[in-house]
Amino acid sequence: VSLACLAFVAFDQISTKKSIVRKIETLADVVGNNSISALEFGDRLAARETLKALKAEAHIVVACIYDLEGNPFAKYHRDGGDPLIPPVRLGPPAFGDGSVSYFHEIDFQGQTVGTIYIKSDLVELRSRLARYAVIALFFVVGSAVVALLVAAFLQRLISKPILNLEETARKVSGGKDYSIRADRRSDDEIGSLINEFNEMLTQIQGRDADLQSARDELERHAGQLNKELSERKLAEEARNHAEMELAAQRTLSMRSDRLRSLGEMAAGIAHELNQPLVGVRGLAEHMLIGLDRKWELTEATM
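Residues numbered from 1 in each chain as written. Predicted model: local features only at pLDDT ≥ 70, side-chain atom pairs only at ≥ 80, totals over all residues. Heavy atoms only, no water.

1. A word on the overall build of the chain
On a plain count of helices and strands, the chain comes out with five helices and five strands. Counting helices and strands in the order they occur from the N terminus, the chain gives α-α-α-β-β-β-β-β-α-α. Against the compact-globule benchmark of 19 Å for 302 residues, the chain has a radius of gyration of 69 Å, which places it well outside the compact range. In terms of overall dimensions, the chain has a C-alpha envelope of 220 × 55 × 35 Å along the principal axes. (Helix = DSSP H or I, 4+ residues; strand = E, 2+ residues; numbered from the N terminus. Rg over C-alpha atoms; globule rule 2.2 N^0.38 Å.)

Here's what the structure looks like:
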């Protein structure tokens, strides 16, 4: 709205300037044509009377008619004083110092007989600027008030549901609680958005529950596997212990077999040795008895 008002004011200023320029050019042409006779006959009084007609134009400040040599021939001032007249400078209307000035040649039958100078203030331009500035300010303020009312109305319809949706999303994201739902307060696009958001939470909650169930099942299988591994480990240890005991039993059995074999061998050797030793022993005892009795040993007795 502000840009539109600025554009409208700028357009009005440009249009008003063009209107003022056309008005001054028209006045210069009309007053110049009415001053031809006065210039031709050198009648300064008639020229001044022609310029006095400019009193009907309240914005004309100064006017002057120059003769062919460029000397002031007749002057006009809105306040009745003796105005300061610039030298002749032909060209388009020039704006400056809150006024616009214009020099216009006075032609008669194809020949230049003089020049007219008109200076107008820009009060109309400034008044229109002030008036349109007030109007633009009124529109801007009115638009701001309307926008505030519309914003307050739309805040209840749009902003609050969106803020509520944002708060719900923050709670879900912070607490990882997918059971929370946003409140749906209308059936418009915002309500459809909230409904889709709640549906998304429902799907996420279902997938999270499935994931938790799969995790629990995996933990259960892991526990069973750990238990089976523990039992298998214990069985392996028991088997190793049994194998060690069996090896020890085998070692003891082998030792017993060896000792028994040695015993049997020793018994056999002792038996084999005992028979000749019995004879030797008997002969030795017989010889000892003989010696005690002082028997005389001969080859026959031996």
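Next comes the rest of the write-up.
2. Points about the confidence of the model for the chain
On average, the chain scores 82 in pLDDT, and the residues at 70 or more come to 94%. Taking the mean pLDDT of every element in the chain, the minimum, 79, falls on helix 5 (residues 189-292) and the maximum, 93, on strand 1 (residues 60-66). (pLDDT = per-residue confidence, 0-100.)

3. Some details on the side chain of Ser101
Along the chain, the position of Ser101 falls in strand 4 (residues 99-108). Of note is the side chain of Ser101, whose polar atom sits 3.4 Å from the side chain of Tyr117. Contact partners of Ser101, with chain neighbours within four places excluded, come to Pro92, Pro93, Ala94, Tyr117, Ile118 and Lys119. (Polar contact = N/O pair within 3.5 Å; in protein donor to acceptor, adjacent residues only side chain to side chain. Contact = heavy atoms within 4.5 Å.)

4. Describing the nonpolar core
Counting 25 residues, the largest nonpolar core has Leu51, Leu54, Ile65, Phe73, Ile106, Ile116 and Ile118 as its most contacted members. Among the secondary structure elements, those contributing two or more residues to this core are helix 1 (2-34), helix 2 (36-41), helix 3 (44-52), strand 1, strand 2 (72-77), strand 4 and strand 5 (111-121). Ranked by residues supplied to this core, first place goes to helix 1 with five residues. Leu54 has contacts with Leu27, Val31, Ile60, Ala63 and Tyr76, leaving out every residue within four places of it along the chain. (Core = buried A, V, L, I, M, F, W, Y, C linked by side-chain atoms within 4.5 Å. Buried < 20%, exposed > 50% of the residue type's maximum accessible area, 1.4 Å probe, protein only.)

5. Description of the sheet that holds strand 4
The strand order across the open sheet built from five strands is 2-1-5-4-3, with neighbouring strands paired in antiparallel fashion. Each edge of the open sheet is held by one strand with a lone partner, namely strand 2 and strand 3 (94-96). Geometrically, the sheet is characterised by an average inter-axis angle of 15 degrees between neighbouring strands, direction not taken into account. Of the pairings in the sheet, the one linking strand 4 to strand 5 comprises 10 bridges and is antiparallel in character. Looking across to strand 5, one finds that Glu105 is bridged to Thr115. Each of strand 1, strand 3, strand 4 and strand 5 is contacted by helix 1, which is oriented at about 35 degrees to strand 4, the strand it contacts most. (Pairing = 2+ DSSP bridges. Axes fitted to C-alpha atoms, helices over the stretch in contact; angles between N-to-C directions.)

6. Some points on the pattern of salt bridges
For the coordinates displayed, the defined rule picks out eight salt bridges. In this structure, Arg128 and Asp12 form a salt bridge, with 2.4 Å as the shortest nitrogen-oxygen distance. Placement of Arg128 in helix 4 (residues 123-175) and of Asp12 in helix 1 is noted, with a sequence separation of 116 residues between them. Comparing Arg128 with Asp12 shows no difference in burial state: the two are buried. By sharing partners, the salt bridges in this structure join Glu236, Arg239 and Glu243 into a single network. (Salt bridge = Lys/Arg side-chain N within 4 Å of Asp/Glu carboxyl O.)

7. Considerations on the packing of aromatic side chains
As enumerated under the stated definition, the model contains four aromatic pairs in all. For the pair Tyr66 and Phe103, a centre-to-centre distance of 6.2 Å together with 40 degrees between the ring planes defines the contact as tilted. On the criterion of sequence distance, the pair formed by Tyr66 in strand 1 and Phe103 in strand 4 is long-range, its members being 37 residues apart. The pair formed by Tyr66 and Phe103 is uniform in burial state, with each residue classed as buried. Taking 6.0 Å as the distance between ring centres and 75 degrees as the angle between the ring planes, the aromatic pair formed by Phe138 and Phe139 counts as edge-to-face. The exposure class assigned to Phe138 is exposed, which follows from its relative accessible area of 60%. (Phe/Tyr/Trp six-rings, centres within 6.5 Å; stacked < 30°, edge-to-face > 60°.)

8. Comments concerning the pairing of strand 5
For strand 5, the tally of buried residues reaches eight of 11 residues, placing the bulk of the element in the interior. Here strand 1 pairs with strand 5 via six bridges, running antiparallel. Bridged to Tyr66 within strand 5 is Thr115. The turn joining strand 4 and strand 5, which pair antiparallel and follow one another in sequence, is formed by two residues; a positive phi near 55 degrees is taken by Gln109.

9. Observations regarding the side chain of Thr50
In this structure, Thr50 sits in helix 3. In this structure the side chain of Thr50 is engaged in a polar contact, spanning 2.9 Å, whose partner is the backbone oxygen of Ala46. If near-sequence neighbours (up to four positions away) are discounted, Thr50 is found in contact with Val31, Asn34 and Ser35.

10. Section: helix 1
Note on helix geometry: an α-helix contains 3.6 residues per turn, so any two residues three or four positions apart are oriented the same way. Across its 33 residues, helix 1 extends 47 Å between first and last C-alpha, which sits within 8% of the 48 Å expected from 1.5 Å per residue. For helix 1, the set of buried residues is Cys5, Val9, Asp12, Gln13, Thr16, Ile20, Val21, Ile24, Leu27, Ala28, Val31 and Gly32. (Expected span 1.5 Å × (residues − 1).)

11. Re the environment of Gly263
Tracing the backbone shows Gly263 in helix 5. Take Gly263: its relative accessible area is 37%, and that puts it in the partly exposed class.

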